[in-house]
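Below, each chain spelled out in residue letters.
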Amino acid sequence: MDRNSVNWSGPMPAVTTPFHDDGRIDEAAFAANLEGLIAAGATGFVVGGCTGEFWALRHEERKRLFDLAYEAIAGRVTLIAGTGAVSVEETVALTRHAEAAGCDGALILPPYFVKLSDDEIFAHFADVTAQIGLPVVLYNIPGNAVNAITPALAARLADLERVVAIKESSGDWNNYYGTFLAVHERLRVYCGPSSVFGVPAVQLGADGTIDCFPNVWQRGGLDLYFAAKAGETEKAAELQAMGRRLTDLFTSEGRTLYPATKAAMDMMGLPGGGTPRRPLRKPAGEPLKGLEAGLKTLGLL
């Protein structure tokens with residue numbers, strides 16, 4: 001299997017997992033968010049990935065998300081399940097459930113928080129891919145999960161039978177560019193932080209974008225890909241500038257990305273926000289006031 005084994009492309013948001021105040025998954029809001037994003041032009045989704053707060057979900061809850069997503073989209077767009085876990089056994093179990101649920105692929109990151117060597121990361125993926133049936137999207141987000149997939153390691157992992165793509169979310173243009181050059185002829189390459197450099201990534205040849213901002217910036221977050229792909233330079237530049245401003249707003253003055261995203265969704269009346277899972281907390285006080293003021297300044301409120 002390689003990049004030609006799948007046809008996944010375009011903007012595929014990493015969707016939020018909304019919760020009720022008592023901690024239960026808000027299934028209706030989750031489905032409504034998917035529906036709204038499909039209407040806005042999303043070509044697929046990642047569910048239970050980083051934006052989905054998978055680190056705080058029980059495995060049964062993650063499996064339920066895969067079932068919910070499949071039921072909600074009814075085969076209309078690509079569905080990729082975030083199945084990464086620390087152990088091989090957990091990752092395999094989640095991926096097998098995703099396949100049984102009808103998902104098209106699995107997004108898998110290296111085991112997180114403990115520092116691994118490249119050989120240990122490769123061995124993990126080799127053990128997982130030998131026991132599953134779904135195509136795999138590698139997930140590189142070392143800023144959150146410690147272990148990095150370098151361009152050289154991505155090239156090694158591309159040799160594994162079920163690996164067909166990589167979601168490059170390092171936020172480092174040099175690493176993104178190096179990874180693209182190393183593997184794009186064999187793997188599909190998706191730009192993670194499209195709000196930061198999605199336009200040049202698509203102009204370079206990225207197969208799609210996978211990140212969180214379309215949850216709150218629906219049309220613009222999706223059109224960023226389409227404008228860049230169509231060569232609409234002026235529009236793409238304007239959308240990239242907006243993405244950069246949103247990124248700065250959501251990650252400054254005491255705010256962090258996922259709680260700020262959910263709070264902004266609530267302010268804008270979009271489904272899929274709600275209370276984050278602890279240890280994340282809702283923004284309050286000055287960070288919340290600053291978020292509201294920033295959204296007004298940017299014309300989103």
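Structure shown above.
Residues numbered from 1 in each chain as written. Predicted model: local features only at pLDDT ≥ 70, side-chain atom pairs only at ≥ 80, totals over all residues. Heavy atoms only, no water.

Asker: Before we move on, can you summarise the state of the cysteines with the specific residues and values?
Answerer: Evaluation of the coordinates by the stated rule reveals zero disulfides. We note that Cys50 lacks a disulfide partner, and the nearest cysteine sulfur, in Cys212, lies 9.2 Å from it. Cys50 provides the cysteine sulfur closest to Cys103, a residue in no disulfide bond, and the two sulfurs are 18 Å apart. (Disulfide = S-S within 2.5 Å.)

Asker: Requested: an account of the packing of aromatic side chains, with residues and values cited.
Answerer: One pass over the full model with this rule turns up 10 aromatic pairs. Ring centres 5.6 Å apart and planes at 70° place the aromatic pair Phe54 and Tyr112 in the edge-to-face group. Linking Phe54 in the loop between strand E2 (44–47) and helix H2 (59–73) with Tyr112 in the loop between strand E4 (105–108) and helix H4 (118–129), this pair joins segments that are 58 residues apart in sequence. In terms of burial, Phe54 and Tyr112 fall into one category: buried. Site record: aromatic cluster; members linked through ring pairs are Phe54, Trp55, Tyr112, Phe113 and Tyr258. Geometry around Phe122 places Arg156 over its ring, the cationic atom sitting 4.6 Å from the centre. (Phe/Tyr/Trp six-rings, centres within 6.5 Å; stacked < 30°, edge-to-face > 60°. Helix = DSSP H or I, 4+ residues; strand = E, 2+ residues; numbered from the N terminus. Buried < 20%, exposed > 50% of the residue type's maximum accessible area, 1.4 Å probe, protein only. Lys NZ or Arg CZ within 6 Å of the ring centre and 35° of its normal.)

Asker: Requested: an account of the pattern of salt bridges, with residues and values cited.
Answerer: One pass over the structure, following the stated rule, counts 17 salt bridges. Glu27 is paired through a salt bridge with Arg64; the nearest N and O atoms lie 3.0 Å apart. Of this pair, Glu27 sits in helix H1 (residues 27–40) while Arg64 sits in helix H2, placing them 37 residues apart in sequence. Here Glu27 falls in the partly exposed class, since its relative accessible area comes to 32%. Owing to a relative accessible area of 31%, Arg64 belongs among the partly exposed residues under this scheme. Measuring nitrogen to oxygen at the nearest pair gives 2.7 Å for the salt bridge that ties Glu61 to Arg277. Placement of Glu61 in helix H2 and of Arg277 in the loop between helix H11 (257–268) and helix H12 (285–297) is noted, with a sequence separation of 216 residues between them. Grouping residues by exposure puts Glu61 and Arg277 together as buried. Among the ionic contacts, a cluster of salt bridges with common partners joins Arg3, Arg188 and Asp207. (Salt bridge = Lys/Arg side-chain N within 4 Å of Asp/Glu carboxyl O.)

Asker: Break down the side chain of Thr78 for me, citing the residues and quoting the values.
Answerer: Mapping Thr78 onto the fold places it in strand E3 (residues 78–82). Each residue touching Thr78, except ones within four places of it in the same chain, is listed here: Trp8, Met12, Thr43, Gly44, Phe45, Ile73 and Asp104. (Contact = heavy atoms within 4.5 Å.)

Asker: Could you give an account of the sheet that holds strand E5 (residues 136–140), naming the residues involved and the relevant values?
Answerer: With parallel pairing, eight strands are arranged side by side in an open sheet as E1-E8-E7-E6-E5-E4-E3-E2. The open sheet has two edge strands with one neighbour each: strand E1 (10–11) and E2. As paired elements, E4 and E5 share three bridges and run parallel to each other. Paired with Leu107 across the bridge in E5 is Val137. (Pairing = 2+ DSSP bridges.)

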